Each structure stands twice: as structure tokens, then as C-alpha cells.
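Per-entry structural report
Next come the chains, spelled out residue by residue.
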Amino acid sequence: MHVTITPVTSSPVTSPAGGCAGAEEGDLLDCLRSTSTLRPVVDECLAGGLRAWLEDWACAGRSGGSRSGASSRKPVVLRDGVLVPRKPVRSRIGLPELQACLTRATFRLTVTDGPPRHPFEDALCAISVTDRGPFVIDAIRRLPRRDRATLRTTLRTQAAAMAVQWRPVPHGWLPRVGERLRVPLAGGAVVLTSTADLVLGRPSAGTASVCAVRVHDGQGGRAGDDPVGRALRALALAETLRSGARPLRVASYDPSTARFRCEDAGEGLLVEGVRDVLRALTASRGPGPGGRGPHEPSERGGPCGRGESGDRQDREERARHVRVG
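All residue numbers refer to positions counted from 1 along the written sequence of the respective chain. Only residues with pLDDT of 70 or above have their local features reported here, since the model is predicted, and side-chain atom pairs are shown and tallied only from 80 upward, although totals for entire chains, interfaces and linings are computed over all residues. As a rule here, side-chain values come from all non-hydrogen atoms in the structure, and water together with hydrogens is ignored.

1. Considering the overall build of the chain
- Here a helix means four or more residues in a row that DSSP labels H or I, a strand means two or more in a row labelled E, and each is numbered from the N terminus. Helix and strand counts for the chain come out as 8 helices and 8 strands.
- Each residue is assigned to one of three classes by its accessible area relative to the maximum for its type, calculated with a 1.4 Å probe on protein chains only: buried under 20%, partly exposed between the two thresholds, exposed over 50%. Out of the 325 residues in the chain, the part that is buried amounts to 46%.
- Restricting to contacts in the chain with at least 6 residues of sequence separation, those with at least 24 account for 69%.
- With an accessible surface of roughly 16,700 Å², the chain has 52% of that area assigned to carbon and sulfur atoms. Any pair of residues with heavy atoms lying within 4.5 Å of one another is described as a contacting pair. Areas reported here follow the Shrake-Rupley algorithm with a probe of radius 1.4 Å; residue values treat only the protein chains shown as occluding.

This is the structure we're talking about:
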């Protein structure tokens, strides 16, 4: 079994020198811990600077939509940095999505109570008490017998891999599973969402202390696309905007390929997360009046009345240096 660890280079204070200590022994939980007793100090202006950058753009896009007669009652939703269609097509839940639901449930059971003895049945019990539980269980019940057998076999293999690579999280680490992050912008006109399958650490008391893990199903994106990296950036950005303090690390885990990717949630990662949001919304709105793109929403001076200069380059530089004008 091979575990791939992405070297962490964004924060020299907490970056392990040669990858992840403990990976050779199969314990991925230790990869989330800092090898130093020192942790990065949280800049109190960071979350405010990033939010101001996003709010400027979102407010400008909302005012432009009002001038063009577009409805502003339905929010624009971005899940993991990807635009969610306003009118999703109603269809039965597919086999890959069912597999992802079962995999996430099994992972959450493994890191909280230890490896489940009956992965398929235990995962169904865990899912049954969630909001989508009845819908998921009904979809599994309607599957052909061969597909249900495939789900059971695949989940058993994944559960065996998780049992080797993960141990139950100590209670002192304050583990939380299945946390949903939701960040409204521009009065709810734009909503950023993400989900963490595992969150560790107490709320920040001046230093970065929270670690978040996402479980991925191994499905890749288009050529040149990095959906895992984009999801990690979205997770780090949502946690920063929600709590006011950046997390220490964000990580992804794919039990089907035994790949584990861990990155420090530094300022560079968060700025790229903001740019992911701008690119997604730019693609949905198109150029503004006079051919001006949405990346320059406030060159005429503060669409939200904050009196900022509105120059895109200055705004990006201000966010990069974590200063709010």
C-alpha cells in the first residue's frame, strides 16, 4: 500500500522537513500534527482583508445584476469552489455518489470509534440519521443486486485500508466530524459552502490550531484541473471567513488509492482560494458594462459604500499583505 504525501512548504514554522513523520508506519493522523512546538500567529486582519476583497466583488456583481433586471432573490452558491447550478436536474442518485456517501460515513466512524466490524451495515446506520439519510437508503434499496454487492465489496476494501492508516482520534484533540461550512457574502447574494469530514483542535486563541480533513473519491477533473487542490483551498477559505482565524492545515484523503495530501493553510493558499471564487463567478456572469470583467468590480469607487479605491491590483496586494484600508 502506497501513501503519497504532498510536501508542505507554505509555512516554514510548521512544515515537516521530509514529508510526514509517521506515514511509514501507516498512521496518517500524525501527519496533521505540527513537528514544532511553535505555531503560526494568526493575523487578525487576514479574514477581514479576504472578506473585504470578496464583498467588493460580490456587491458589484449584485448591483450589476439589478441593473440588468436579473433576480437577486436566489443566491449564487459555490460548493468547494465550483458553481452550483441554480436549477439542478432532478434525477436518482447515482452509484458513484452512493459510494462516496458510504465512504465518508465509514471514515467518520473509523476516526471516532475505531474500524467498524460491519462497514456496509454500520455506514447505513450512520447515514440513516442524517438529513439525506432516507433518500440515500431508498436509492440503495432500489439498486440491482449486483450493484449493491459492488458497494459492499468496495466499502469493505476501503474500510480495511482506513483501519491500517487511521487510528481513533484522542478525545483531547476535540474531534468533530461532518462539519458544514457556509459563508454568505453580499447579504446572502453569494454563498460559499464546504464540508469537512474531520476537524481537529480547539478554536484559535491567537495561533493557528485547527486541522480539517476531506475525503475524496478519486474522481479526477479535466486536463489541467486540480479538483482536490481547489476543494482544499475552498475549505481553508471557508474556515478562515467563518471563524476569523486561518486553520493550521487542510488535508485530503482518498481511501481507494491510499493518497493523502496535506497542506499548510498559509496566506498564499487563501489568496488562491479567493481567486478560485472570482474565476467561478466570472464564468457565470460574463463581462460587465463596457466589456469590464468582474475582476474589476469597483474601479469607480466602492460599490458597497466603503470608500475604497477599487483598483484590482491594489486590492489584491492589500489582501496579500493582510491589510484593510
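2. Let's talk about empty space enclosed by the protein
- For cavity detection a 1 Å grid was placed over the protein atoms alone, and a set of points counts as a cavity when a 1.4 Å probe fits there but cannot get out; an open set counts as a pocket when protein lies on both sides within 12 Å along at least five of seven lines, with lining residues being those that have an atom within 4 Å of a point. Grid points are joined across faces, edges and corners, and a volume is the space filled by probe spheres set on the points. In total, this model carries 6 cavities of 30 Å³ or more according to the counting rule given.
- What lines the largest cavity is L78, G81, L192, T193, S194, A234, L237, A238, G273 and V277.
- Elements represented by at least two residues in the lining of the largest cavity include exactly β5 (190–200), α6 (227–243) and α7 (267–285).
- Of the residues in the lining of the largest cavity, the class split is 6 nonpolar, 4 polar and no charged. Each residue is assigned to one of three groups, with Ala, Val, Leu, Ile, Met, Phe, Trp, Tyr, Cys and Pro labelled nonpolar, Asp, Glu, Lys and Arg labelled charged, and all others, Gly among them, labelled polar.

3. Comments concerning unusual backbone geometry
- The phi dihedral of D80 falls on the positive side, at around 55°, and the residue is not glycine.
- Looking at the element boundaries, D80 is found in the loop between β2 (76–79) and β3 (82–83).
- Owing to a relative accessible area of 14%, D80 belongs among the buried residues under this scheme.
- Located in the positive-phi region is L174, a residue other than glycine, with phi close to 55°.
- Tracing the chain through its elements places L174 in the loop between α5 (145–165) and β4 (176–185).

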